[in-house]
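One letter stands for each residue in the lines below.
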Amino acid sequence: MILTQERGPLDLTSAELAEWLAERNIPKYRAKQIFQGFYKTLAADYDGISVLPKALREELTNIAPIFTPVIVRELRSSDNRTMKLLLRLRDGRLIETALMLYPPSQYGRGRATVCVSTQAGCAFGCTFCATGQMGFDRHLTAGEIVAQIIIFARMLRHEPWKYPAAMGFPAGEIDHITNIVLMGMGEPLHNYTHSLQALHIINDPEGFHLGARHMTVSTVGVIPGIERLAKEPLQVNLAISLHAPNNAMRIKTMPVARKWRMDELMTACRAYIQSTGRQVTFEYVLLAGINDAKEHAIELASRLQGLKQFAHVNLIPVNATSAEYRPPNGADIAAFRAILTKAGVSNSVRAERGDDIAASCGQLRTRETALRQS
Ligand code: SF4
């Protein structure tokens, strides 16, 4: 096995790393130490893995250097619960990644969720998404996807997030990543191989060991990818960015609906549910005056009713920083929800957050690029 810039040590599972080291006559127990150094100690380089002899550290630094993306810009929301990073990759391309912190609530324990990018730019051109307006640059490697999680894990380890007592829960702190969502820049199922490899690395029991149930793949509806995901042994969560109750409306904001129509998408979701027995989350960005009327809620409910308890709708009022769209008011959101609830469709509203740091994917990179060009 040859390691290259495109396939470095962070692109390997523990078994692959052991194989690569064995080819160089480096004993198996060293593989375990190195993998644990990356994902348990969270070492930034081989010198941070102190159990390794100095000569081996030097050898590995030469033959298998670790490249971690460089933090170009770091923004924190005013409530200190959302952090966004602009990262520069080895070829100079910029990507965004975000950490969202949630205190314990009636829904469960506190969470630290990383919203991970899987591509630089995106080929799918959704009109409400800043990344979609950039066009596609390239797929990220598995290592570049993994690195986003590791960067935030190091930050939290170094400086745990402290939350105050609230809603009957005592004050506490979170010092590790609890969830990841492949929902940043890019379409993960368009970069299937590297996205899944990254999830396997993060799930690896020898290292980070984040449970598959704490990982979510979010797609605009790449049907071949959904079919492939249904057969994966790794039981991650699936979220579909639906955003419209019918195909004619969906096409207006999501060009992908021309290629994979909504009825075909629903068939793929039904097959996925049948094969995995798992619930699918349908993300629905609420755009005031466009897809938030009562008739849209009725149509959405009737489309999802057949999936019964296997469908959950996550309503997301569009980010207020969006140039062309505005979020509905609270009463319209409540009316939309009431229709879904009455029809027996499970639903929730994602609390808007991070407006003051442009948390929607692609906005930070767009600003940075504009600044550089001005
Ligand atoms: S919403 Fe996702 S798939 Fe659509 S353009 Fe943005 S990054 Fe791409």
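What counts as what
Residues numbered from 1 in each chain as written. Predicted model: local features only at pLDDT ≥ 70, side-chain atom pairs only at ≥ 80, totals over all residues. Helix = DSSP H or I, 4+ residues; strand = E, 2+ residues; numbered from the N terminus. Rg over C-alpha atoms; globule rule 2.2 N^0.38 Å. Buried ≥ 20, exposed ≤ 12 C-beta atoms within 10 Å, placed from the backbone. Contact = placed C-beta atoms within 7 Å. Pairing = 2+ DSSP bridges. Axes fitted to C-alpha atoms, helices over the stretch in contact; angles between N-to-C directions. Near = placed C-beta within 6 Å. Nonpolar A, V, L, I, M, F, W, Y, C, P; charged D, E, K, R; others polar. Domains from an automatic or database assignment. Core = buried A, V, L, I, M, F, W, Y, C linked by C-beta atoms within 7 Å. Right-handed = clockwise from strand over helix to strand, strands pointing away. Arc of directions from axis to C-beta. Parallel < 35°, antiparallel > 145°, perpendicular 65-115°, else oblique. Left-handed = near helix turned anticlockwise from the far one by under 90°.

1. A few points about the overall build of the protein chain
Of the regular secondary structure elements, the protein chain holds twelve helices and 14 strands. A globule of 374 residues ought to have a C-alpha radius of gyration of about 21 Å, and the protein chain, at 21 Å, matches this closely. Taken along the three principal axes of its C-alpha coordinates, the protein chain extends 70 × 50 × 40 Å. Out of the 374 residues belonging to the protein chain, those deemed buried represent 40%. Contacts in the protein chain between residues far apart in sequence, at least 24 positions, make up 64% of those at least 6 positions apart.

2. Considerations on the sheet that holds strand E12 (residues 280-286)
Taken in spatial order, the ten strands of this open sheet run E1-E2-E3-E4-E9-E10-E11-E12-E13-E14, and their pairing is mixed. The open sheet terminates on both sides in strands that have one partner only, identified here as strand E1 (70-76) and strand E14 (346-349). Direction aside, the axes of adjacent strands within the sheet are offset by 20° on average. Where strand E10 (residues 215-219) meets strand E11 (residues 237-241), four bridges bridge the pair, whose relative direction is parallel. In the strand pairing of E11, Thr216 is matched with Asn237. Packed on one face of the sheet, helix H4 (residues 142-158) meets strand E2 (82-88), strand E3 (94-102), strand E4 (111-115) and strand E9 (179-182) and runs near 150° to E4.

3. Overview of the site of the ligand
For the ligand, the set of nearby residues contains twelve residues, the closest of which are Cys122, Phe124, Cys126, Cys129 and Gly132. Classifying every residue of the shell around the ligand by side-chain character gives seven nonpolar, four polar and one charged.

4. Quick word on the domain arrangement of the protein chain
For the protein chain, the assigned domains read domain 1 (9-63) and domain 2 (70-373). On a C-alpha basis, the centres of domain 1 and domain 2 stand 33 Å from each other.

5. Thoughts on the nonpolar core
In this structure, Val146, Ile149, Ile177 and Ile202 are the most contacted members of the largest nonpolar core, which totals 92 residues. Per-element tally for this core: the top contributor is H4, with nine residues. Each of domain 1 (9-63) and domain 2 (70-373) gives at least three residues to this core. With residues near it in sequence (within four places) discarded, Ile149 still touches Val114, Val116, Ile177, Ile180 and Ile202.

6. Overview of the pairing of E10
Among the five residues that make up E10, five are buried, leaving the element largely enclosed by the rest of the structure. Alternating positions in E10 separate into two faces, Met215, Val217 and Thr219 on one and Thr216 and Ser218 on the other, with burial throughout. As paired elements, E9 and E10 share three bridges and run parallel to each other. Bridge pairing links Val181 to Thr216 in E10. Between the parallel pair E9 and E10, the chain is carried across by helix H5 (residues 192-203), and the sense of this crossover is right-handed. Where the polypeptide runs from E10 across helix H6 (residues 223-230) and back to E11, its parallel neighbour, the crossover connection is right-handed.

7. Some thoughts on helix H1 (residues 14-22)
Taken together, the buried positions of H1 are occupied by Ser14, Leu17, Ala18 and Leu21. Burial along H1 is one-sided: seen end-on, the buried residues are contained in an arc of 100°. Each element contacted by the buried residues of H1 is listed here: helix H2 (28-39).

8. A short note on unusual backbone geometry
Trans is the prevailing form of peptide bonds, just as negative phi is the prevailing case for residues other than glycine. Phi is positive for Asn80, close to 65°, though the residue is something other than glycine. Structurally, Asn80 can be placed in the loop between E1 and E2. Positive phi values are uncommon outside glycine, yet Lys308 reaches one of about 50°. Lys308 sits in the exposed class, given 12 other C-beta atoms within 10 Å.

9. What to know about the packing of H1 against H2
Each pair of packed helices can be described by the angle between their axes along with the distance between the axes. Axis separation between H1 and H2 bottoms out at 9 Å; the angle between their running directions is 135°. If you check the angle between H1 and H2, you find them oblique. Seen along the crossing, H1 lies across H2 with a hand that is right-handed. Contacts from Ser14, Leu17, Ala18, Leu21 and Ala22 of H1 reach H2 at Lys28, Arg30, Ala31, Ile34 and Phe35. Here the contact of H1 with H2 is built from residues that sort into seven nonpolar, one polar and two charged.

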